[in-house]
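Listed below are the residues making up each chain.
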Amino acid sequence: MRMLPFAALLLAGCATTSAPVAVEAPTVAATAETDPVDTAADAADDPAIWRNAGDPAKSLVIGTDKKAGIHVYSLAGKRLSFTPAARLNNVDLRDLGAKSGGRVIAAASDRADIATAHVSLFTLDTAAAKLVPLGRFPVGPGEAYGMCLWTRASDHALFGFVVLKDGRIDQVAIDLSGASPKVTTVRSMKLGTQSEGCVVDDRTGQLYVAEEDVGLWRFDADPSASVTATVIAKVDGKTLVADAEGLALAPSGRNGGYLVASSQGDNAYTLYRLPGVTYAGRFRIGGGAIDGTSDTDGIELILGNFGPAYPQGLFAAQDGDNAPATQNFKYVSWAGVKRALKLR
Ligand code: CA
Ligand code: CA
Ligand code: CA
Ligand code: CA
Ligand code: CA
């Protein structure tokens, strides 16, 4: 009881400390939105984008419904196909290029079995705009949560990173040379608390992971490299507001460009300039004929020409509130983001 006055003083001190104020963010209007997912409540989760270089208007967007399956949408947002799956959370894709016959592989973190993380692989049939399942492959113990892919520059080997809900990151080698894929866990890394969003920069072989309440980390993606991460940005309540969720990249040159993070706690997206990872600005999606985004989980950004509405690239973001309809994904012009933030 003798401690009480001192404790009370401490509490009073805490009460008068003002919370950090998020840095203002201009709004950029969504150009299109996808058809809503079939499942009510929190269901849409994470997008991936395939740019059709030969016919940009026929590019495709993949989006997960974490309670039902996985969608393929057109650039107009129309649902072109749906592949049922119990519990896919995040999805990423890689175009394996001309040598593979233009094969496009999508990989999703699969938590249908919460005791054993799996990765679900698909071929994206780009002509039919449909995902063809290649199988579900066990990765390691725990609940699969985040997922991103990496094509190693030196030998074009394909790797996946499955982020487990407890912050462990299992790296898998994905061998597609045989009749059926071989998925082998090659190493594990660990962050302290719940993590999900991740992205790999194929130019530099650097893996970025978002630890939701803490900040952004960088690992060397190579399986022979150190498992120690470098903190590159903190959840500070000003530029990045918890949860730190989806990550995406706007590569420029050898190692420049931007890393983008979903600042879920204040419905914004934060840009960091590469390679040094310095804060470069933030924006929100809104202010147009289409409703804005809030509570965003997954994001994706692919640069390049996607036609007149997206001359420099397409940014896609999950929208947590698309009332009166169910959740969906919003599309934004990357040129519009750069204009709003006065970026070159
Ligand atoms: Ca959500
Ligand atoms: Ca994704
Ligand atoms: Ca999350
Ligand atoms: Ca909305
Ligand atoms: Ca809407």
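Residues numbered from 1 in each chain as written. Chains lettered and ligands numbered in written order. Predicted model: local features only at pLDDT ≥ 70, side-chain atom pairs only at ≥ 80, totals over all residues. Heavy atoms only, no water.

## Topic: the coordination of the calcium ion (ligand 5)
Taken together, Glu 33 (OE), Glu 33 (OE), Asp 291 (OD) and Asn 322 (OD1) make up the protein donors of the calcium ion (ligand 5), found 2.2 to 2.8 Å from the metal. Of note, the donors binding the calcium ion (ligand 5) are all from one chain and are spaced E-x257-D-x30-N. Taken as a pair, Glu 33 in strand β2 (residues 32-33) and Asp 291 in the loop between β22 (278-285) and β23 (299-303) lie far apart in primary sequence, 258 residues in all. Of the residues examined, Glu 33 reaches a relative accessible area of 27% and is grouped as partly exposed. For Asp 291, a relative accessible area of 28% corresponds to the partly exposed category. (Donors = N, O, S within 2.8 Å, 3.2 Å for Na, K, Ca; no water. Helix = DSSP H or I, 4+ residues; strand = E, 2+ residues; numbered from the N terminus. Buried < 20%, exposed > 50% of the residue type's maximum accessible area, 1.4 Å probe, protein only.)

## What to know about the pattern of salt bridges
For the coordinates displayed, the defined rule picks out 18 salt bridges. Close ionic contact of Arg 111 with Glu 143 constitutes a salt bridge, the shortest N to O distance being 2.8 Å. You can see Arg 111 sitting in the loop between β8 (104-110) and β9 (116-125) and its partner Glu 143 sitting in the loop between β10 (130-141) and β11 (144-151), a full 32 residues away along the chain. With respect to class, Arg 111 is no different from Glu 143; both count as buried. Note that Asp 291 is salt-bridged to Lys 330, the shortest N-O span being 3.0 Å. A residue pair is termed long-range when its members are at least 10 positions apart, and Asp 291 in the loop between β22 and β23 and Lys 330 in strand β25 (residues 328-333) qualify at 39 residues. The structure contains a network of salt bridges with shared partners spanning Glu 24, Asp 266, Arg 282 and Arg 284. (Salt bridge = Lys/Arg side-chain N within 4 Å of Asp/Glu carboxyl O.)

## Quick look at the layout of surface pockets
In this structure, the largest pocket encloses a volume near 950 Å³. Lining the largest pocket are 33 residues, with Leu 93, Arg 94, Asp 95, Thr 151 and Asp 202 positioned closest to its centre. Those elements giving two or more residues to the lining of the largest pocket turn out to be β3 (44-50), β7 (88-95), β13 (168-175), β15 (195-201), β19 (244-252) and β23. When its residues are assigned to classes, the lining of the largest pocket shows 17 nonpolar, five polar and eleven charged. (1 Å grid on protein atoms, 1.4 Å probe; cavity = no way out; pocket = protein on both sides within 12 Å on 5 of 7 lines; lining within 4 Å. Points joined across faces, edges and corners; volume = space filled by probe spheres on them. Nonpolar A, V, L, I, M, F, W, Y, C, P; charged D, E, K, R; others polar.)

## Points about the pairing of strand β24 (residues 313-319)
Across the seven residues of β24, seven count as buried, placing the element largely inside the fold. Burial of β24 is two-sided: the residues Gly 313, Phe 315, Ala 317 and Asp 319 facing one way and the residues Leu 314, Ala 316 and Gln 318 facing the other way are all buried. Judged from the five bridges that link them, β23 and β24 form a sheet pairing that is antiparallel. Counted as the bridge partner of Glu 300 is Ala 316 from β24. Two strands pair when backbone bridges link them, and β24 and β25 are joined in this way by six bridges, in the antiparallel orientation. Opposite Gln 318, over in β25, you have Phe 329 as the bridge partner. (Pairing = 2+ DSSP bridges.)

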